[in-house]
Amino acid sequence: MNDLQLYTPKPEDGWFYVKMMSDPATMAYNAPWFPPDGCIPNPEAEWIDLQANWIGQEPKRFYAYLQRNSDGAFVGDVNYHYNPERDWWDMGVLIYAPERGKGYGRQGLRLLIDRAFSDGVKRLHNDFETERDAAYHIHKSVGFREVDRENGIVQLELTREEIMTEHPILVEEIGAAAIPQVAPLVAQFRVTLKALKGIHASPDAEAGAEELKEYLDAGFPVYAARSGDRYCGYLVCRVDAPCVWVESIYVLPEFRRKGVGAALFQKAEALASSYGEDTVYNYVHPNNDRMIAFLKSRGYKVLNLIEIRKTYPGETPTTQIQVANHTFDY
Ligand SMILES: CC(C)(COP(=O)(O)OP(=O)(O)OC[C@H]1O[C@@H](n2cnc3c(N)ncnc32)[C@H](O)[C@@H]1OP(=O)(O)O)[C@@H](O)C(=O)NCCC(=O)NCCS
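These remarks concern the structure in this document. (Residues numbered from 1 in each chain as written. Predicted model: local features only at pLDDT ≥ 70, side-chain atom pairs only at ≥ 80, totals over all residues.)

**Topic: the overall build of the protein chain**
Part 1: Within the protein chain one finds ten helices and 14 strands.
Part 2: Projected onto its principal axes, the C-alpha coordinates of the protein chain cover approximately 75 × 45 × 40 Å.
Part 3: Classification of the 330 residues of the protein chain by burial places 28% in the buried group.
Part 4: Intrachain contacts of the protein chain at a sequence separation of at least 6 include 56% that bridge at least 24 residues. (Helix = DSSP H or I, 4+ residues; strand = E, 2+ residues; numbered from the N terminus. Buried ≥ 20, exposed ≤ 12 C-beta atoms within 10 Å, placed from the backbone. Contact = placed C-beta atoms within 7 Å.)

**Overview of the site of the ligand**
Part 1: Around the ligand lies a shell of 21 residues, among which Arg 256, Gly 261, Ala 262, Ala 293 and Ser 297 are the nearest.
Part 2: Going through the elements one at a time, α7 (179-196), β11 (243-251), α9 (260-274), β12 (281-284) and α10 (289-297) are the ones with two or more residues in the shell around the ligand.
Part 3: With five residues, α10 is the largest single contributor of residues to the shell around the ligand.
Part 4: A per-class count over the shell around the ligand returns ten nonpolar, seven polar and four charged. (Near = placed C-beta within 6 Å. Nonpolar A, V, L, I, M, F, W, Y, C, P; charged D, E, K, R; others polar.)

**Comments concerning unusual backbone geometry**
Part 1: The step from Pro 35 to Pro 36 runs through a cis peptide bond, and the omega angle for that step is 5 degrees.
Part 2: Inspection of the secondary structure assignment puts Pro 36 in the loop between α2 (24-27) and α3 (43-54).
Part 3: Residue Glu 58 is joined to Pro 59 through a cis peptide bond whose omega torsion reads 0 degrees.
Part 4: By secondary structure assignment, the location of Pro 59 is in the loop between α3 and β2 (61-68).
Part 5: A positive phi angle, close to 55 degrees, is found at Asn 42, a residue other than glycine.
Part 6: Here Asn 42 lies in the loop between α2 and α3.

**Things to note about the pairing of strand β7 (residues 153-159)**
Part 1: Residues of β7 alternate between two faces, with Val 154, Leu 156 and Leu 158 buried on one and Ile 153, Gln 155, Glu 157 and Thr 159 left unburied on the opposite face.
Part 2: Both strand β5 (residues 123-129) and β7 contribute to a ladder of seven bridges, which runs antiparallel. Bridge pairing in β7 links His 125 to Glu 157.
Part 3: In terms of strand pairing, strand β6 (residues 145-150) meets β7 through five bridges, oriented antiparallel. In the strand pairing of β7, Arg 149 is matched with Val 154. (Pairing = 2+ DSSP bridges.)

**Points about helix α4 (residues 104-119)**
Part 1: In a regular helix each residue adds 1.5 Å, so 16 residues correspond to 22 Å; α4 covers 22 Å between its end C-alpha atoms and thus fits that length.
Part 2: Buried residues of α4: Tyr 104, Gly 105, Gln 107, Gly 108, Leu 109, Leu 112, Ile 113, Arg 115, Ala 116, Phe 117 and Ser 118, and no others.
Part 3: Just past α4, the residue Gly 120 takes up positive phi, approximately 110 degrees. (Expected span 1.5 Å × (residues − 1).)

**Some points on the nonpolar core**
Part 1: Residues Leu 66, Val 75, Tyr 80, Leu 112, Ile 113, Ala 116 and Leu 124 are the most contacted members of the largest nonpolar core, which totals 32 residues.
Part 2: Broken down by secondary-structure element, the contributors of at least two residues to this core are α1 (14-21), β2, β3 (74-83), β4 (88-95), α4 and β7.
Part 3: Top contributing element to this core by residue count: α4, with six residues.
Part 4: In this structure, Val 75 is in contact with Leu 4, Leu 66, Arg 68, Ile 95, Tyr 96, Glu 99 and Tyr 104, ignoring residues within four places of it in sequence.
Part 5: Of all hydrophobic cores here, the second largest spans 31 residues; its members include Val 182, Tyr 250, Ala 268 and Ala 272. (Core = buried A, V, L, I, M, F, W, Y, C linked by C-beta atoms within 7 Å.)

Pasting the structure below:
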């Protein structure tokens with residue numbers, strides 16, 4: 001169970017950074033570089049630099065606080081940054097000393113890994129002194145591999161491919177029995193679509209379950225992706241033979257950029273090919289840069305602008321982009 005989340009700090013949250021950087025118990029590990037106690041001189045200036053250069057720079061750089069869900073308290077921070085000389089991303093995780101011993105280091109590391117690989121990072125790297133047993137242990141426990149140990153420093157590495165091999169994604173067609181597990185994803189997708197139109201909404205699992213049931217009752221093929229027992233994405237197709245439309249595709253944020261979307265989309269393409277078609281159809285909101293990048297990476301391109309459906313009361317009408325495979329040139 002993860003009690004922490006990543007929190008992008010605002011300028012007024014700098015007090016926590018200053019508190020950590022000035023706390024000898026938290027910073028003791030840093031003493032060889034910042035004697036005598038590892039504390040950073042002038043943390044207020046460092047904070048201004050962090051705000052200016054580290055936030056909103058993904059996938060080159062990333063910085064976030066670790067925030068406890070139960071009471072909103074900050075308990076540490078995480079970061080990654082690209083190292084062009086080595087073509088890897090150096091990373092760091094730091095837990096505020098009074099919050100140590102609660103499993104937050106490992107949770108923070110997992111959150112950072114998920115975030116980094118979904119931002120497009122390919123290879124994470126960390127190094128520290130061989131005697132830092134706790135740090136070594138948590139890195140190993142989340143899958144890091146030791147690549148070198150020299151002059152008292154251990155080098156550790158984890159690639160996106162390794163994570164993907166360790167947790168293979170299964171994609172299967174689902175029926176009514178899977179509704180309870182997949183409905184929360186449908187609810188999240190509805191929130192995502194509303195956000196693209198500038199409407200804020202909270203996920204409603206019941207509405208998600210209803211929508212999913214309607215699709216299944218109408219005979220729409222629905223596919224879901226899971227990693228172990230955890231459902232992480234789904235796709236709904238509508239067959240208007242011989243055309244196959246992707247009605248919805250959604251991958252949980254922490255599973256993005258790991259090939260889940262591609263594995264789901266391949267199901268729609270396989271269905272289209274069973275009708276002798278080598279393309280699938282999909283409507284994309286013009287603000288949906290992620291989906292457009294995803295479709296382009298699969299050889300699809302924008303054909304024309306088209307309005308796809310009537311708007312609901314209170315909803316602003318939007319123009320939609322129709323995307324089809326390169327074989328449908330016009
Ligand atoms: C769009 C979405 C389904 C993609 O799922 P995904 O599992 O992250 O996609 P994949 O990992 O299979 O990505 C395959 C390729 O697509 C491209 N791509 C995917 N997301 C991208 C992004 N954010 N920026 C740039 N390229 C991206 C990349 O080329 C990627 O390959 P790479 O990671 O090796 O570079 C996912 O971002 C999502 O659920 N978005 C919210 C829901 C949504 O908008 N649905 C569409 C409504 S029509």
